[in-house]
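Inside the fold
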Amino acid sequence: EMCEQRIAGWIPGRDYFMLAPDTAGLSFGGVSGSNIQGFQLQVHYHNHNRDMFKTDSSGFRLFYTTKPRPMRLGQFHGVKVEWDVLNAIPPGRDRFFVTEGCRLVGMDAPATLVSVVYHAHMIATEMYTTLYRENGEKIAIHGDAHWNFNDQYSKDLQPLNVTVFNGDFVQSSCVFDSTSKDSRTTFGIGSENEMCFAVYWVMPQQPKMRCISPGYWEGDLEASDDAHAIREEHPPGQGLAYAQNYKNARCDDKKIQDMLLDSAELANVKKECEEAIFSMEANRKCGLAILDLYACTVEGRPGSDHLSVDSKSRAMKLLQRLLTYFDVGSDALREGTLHEG
């Protein structure tokens, strides 16, 4: 379950709080059904020149009422790429996309889309949301071909009057222009890094609602490509398929010996790892090979207790080789001190 929910935040061009109708709000505290029990405030500073003795008097006031509004607001993430050491945006791409699709589940009743907020950093230029129904209907919820870091607005979706149901599939996409870069741009919290967020508000709140995703993928769009058609025209490649195949898989001797230690597979992973500097797809496959072996050998994924000593030894050796190929983590991690993996 979600242990945190972002209810407000300033980014360039945006008001602190979400757009909400007069008939809905966020419940907190002792109200029955509320999942908000406290607040945490973060303030992020950018002091590139390391100037000293600067002061800050900014803040905000939170107004509340003891008379609840008729409906409560709910929230879900369509895409959330905030920190990913395995992936980066290559330089010299004019329409490089990062996209993620998720399927709505757990809803007790239909809900109406209220608003969406996209978030990224300096080289993001376009944002899109597309809704797919189980009956084949496709709805272009919102598209902005001129998105700008300095105007990160909250888009009011209420005029569309779109209701979402269990089984609906939400595709959220960020498009980046890295032609001004001569090196890759990593995902992270710094202003020089990138992010890709799409946060949706709905009403009434569905406490058990989740948007389930196998992961995000990436690629390049031509100038004439419709970003609302990424799912059909640029489907996920091997990297995401690799993630899906390995997710929650059981560990057993056959998997370690026949699959992960297959010479052709090892050669392919090694090749992709060596070329990963310009390929998020290869990064993902390399990273998941590492994580899968880590889970089998260290974390105790179901079935790992029954691995033979030989399988564990061979898997650990391959894990160390992959870490070395991909050059992730500290020297201690590559040498086998894996408890912080």
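Computed from a prediction, not measured in an experiment: that's the story for all the values here.

With respect to the overall build of the chain
A count of helical and extended segments in the chain gives seven helices and 15 strands. Taken over 341 residues, the chain has a buried fraction of 46%. At a minimum sequence separation of 6, the contacts of the chain that also span at least 24 residues come to 78%. When the accessible surface of the chain is split by element, carbon and sulfur atoms take 50% of a total near 18,900 Å².

Let's talk about the nonpolar core
The biggest cluster of nonpolar side chains holds 36 residues, and the ones touching the most others in it are Phe76, Val98, Leu104, Leu113 and Phe176. Those elements giving two or more residues to this core turn out to be β3 (74-81), β5 (96-105), β6 (111-119), β7 (124-132), β8 (138-144), β11 (169-176) and β13 (196-203). Ignoring anything within four residues of it in the chain, the contact list for Leu113 reads Phe76, Ile141, Leu157, Gln158, Val162, Val164, Trp201 and Val202. Counting residues in each nonpolar core, the second largest holds seven residues, with Phe97, Val175, Trp217 and Ile230 among its members.

Some remarks on the state of the cysteines
Summed over all chains, the structure comprises two disulfides. Residue Cys102 pairs covalently with Cys211 via a disulfide, S to S 2.0 Å. Torsion about the S-S bond of the Cys102 and Cys211 cystine: about 85°, corresponding to right-handed handedness. Placement of Cys102 in strand β5 and of Cys211 in strand β14 (residues 210-212) is noted, with a sequence separation of 109 residues between them. Each of the two residues, Cys102 as well as Cys211, counts as buried.

Things to note about a nonpolar patch on the surface
On the surface, a cluster of nonpolar side chains totalling about 660 Å² of accessible area is made up of Phe39, Leu41, Val43, Tyr45, Phe60 and Leu62. With respect to the helices and strands, Val43 occurs in the loop between β1 (24-25) and β2 (71-72). With a relative accessible area of 45%, Val43 lands in the partly exposed category.

Observations regarding the environment of Gln158
Within the secondary structure layout, Gln158 lies in the loop between β9 (154-156) and β10 (163-164). Separated by 44 residues in the primary sequence, Gln158 and Val202 have C-alpha atoms spaced 9.6 Å apart. If sequence neighbours within four positions are ignored, Gln158 has contacts with Pro21, Leu113, Val114 and Met203.

Comments concerning unusual backbone geometry
The linkage connecting Met203 with the following residue, Pro204, adopts the cis geometry, with an omega of -5°. Note on placement: Pro204 falls in the loop between β13 and β14. Although it is not a glycine, Arg50 sits at a positive phi angle of roughly 55°. Within the element layout of this structure, Arg50 appears in the loop between β1 and β2. With a phi close to 65°, Phe53 is a non-glycine residue in the positive phi region.

Details of the pattern of salt bridges
Any two side chains of opposite charge can pair, given that their charged atoms come close. According to the stated counting rule, one finds five salt bridges in the structure shown. Its salt-bridge partner being Asp220, residue Arg93 comes within 2.6 Å of it at the nearest N-O pair. With a gap of 127 residues between them, Arg93 in the loop between β4 (84-89) and β5 and Asp220 in strand β15 (residues 216-220) connect regions that are remote in the sequence. With relative accessibility at 23%, the residue Arg93 sits in the partly exposed group.

Quick look at the confidence of the model for the chain
Across the chain, pLDDT averages 74, with 64% of residues at or above 70. Per-residue pLDDT stays below 50 along residues 238-263; that stretch engages in 63 contacts with residues further than four places along the chain or on separate chains.

Topic: the packing of aromatic side chains
One pass over the structure, following the stated rule, counts three aromatic pairs. Measuring from centroid to centroid gives 5.0 Å for Phe76 and Tyr200, while their planes differ by 20°, and the two rings are stacked. On the criterion of sequence distance, the pair formed by Phe76 in strand β3 and Tyr200 in strand β13 is long-range, its members being 124 residues apart. Neither residue differs from the other here; Phe76 and Tyr200 are each classed as buried. Between Tyr132 and Phe169 the ring centres are 6.5 Å apart and the planes differ by 65°, which places this aromatic pair in the edge-to-face class. Of this pair, Tyr132 sits in strand β7 while Phe169 is found in strand β11, placing the two residues 37 residues apart along the sequence. Given the relative accessible area of 8%, Tyr132 is considered buried.

Details of the pairing of β3
The side chains of a regular strand alternate, first on one face of the sheet and then on the other. Taken across its eight residues, β3 has seven buried, putting it largely inside the fold. Inspection of the sheet shows β3 paired to β13 by seven bridges, in the antiparallel sense. Looking at the pairing, Val79 lines up with Ala198 of β13.

As for the pairing of β7
Among the nine residues of β7, eight are classified as buried, and the element is accordingly described as predominantly covered. With eight bridges joining them, β7 and β11 adopt antiparallel strand pairing. Its bridge partner lying in β11, Tyr128 is registered against Ser173. By the bridge criterion, six bridges tie β7 to β8 in an arrangement that is antiparallel. Note that in β8 the partner of Thr129 across the bridge is His142. Taken together, β7 and the strand that follows it, β8, pair antiparallel across an intervening segment of five residues, in which Gly136 is found at a positive phi of about 100°.

Thresholds applied
- Residues numbered from 1 in each chain as written.
- Predicted model: local features only at pLDDT ≥ 70, side-chain atom pairs only at ≥ 80, totals over all residues.
- Heavy atoms only, no water.
- Helix = DSSP H or I, 4+ residues; strand = E, 2+ residues; numbered from the N terminus.
- Buried < 20%, exposed > 50% of the residue type's maximum accessible area, 1.4 Å probe, protein only.
- Contact = heavy atoms within 4.5 Å.
- Areas by Shrake-Rupley, 256 points an atom, 1.4 Å probe, with all protein chains shown as cover.
- Core = buried A, V, L, I, M, F, W, Y, C linked by side-chain atoms within 4.5 Å.
- Disulfide = S-S within 2.5 Å.
- Patch = residues over 30% accessible without salt bridge, like charges linked within 9 Å, V, L, I, M, F, W, Y side chains within 5 Å.
- Salt bridge = Lys/Arg side-chain N within 4 Å of Asp/Glu carboxyl O.
- pLDDT = per-residue confidence, 0-100.
- Phe/Tyr/Trp six-rings, centres within 6.5 Å; stacked < 30°, edge-to-face > 60°.
- Pairing = 2+ DSSP bridges.

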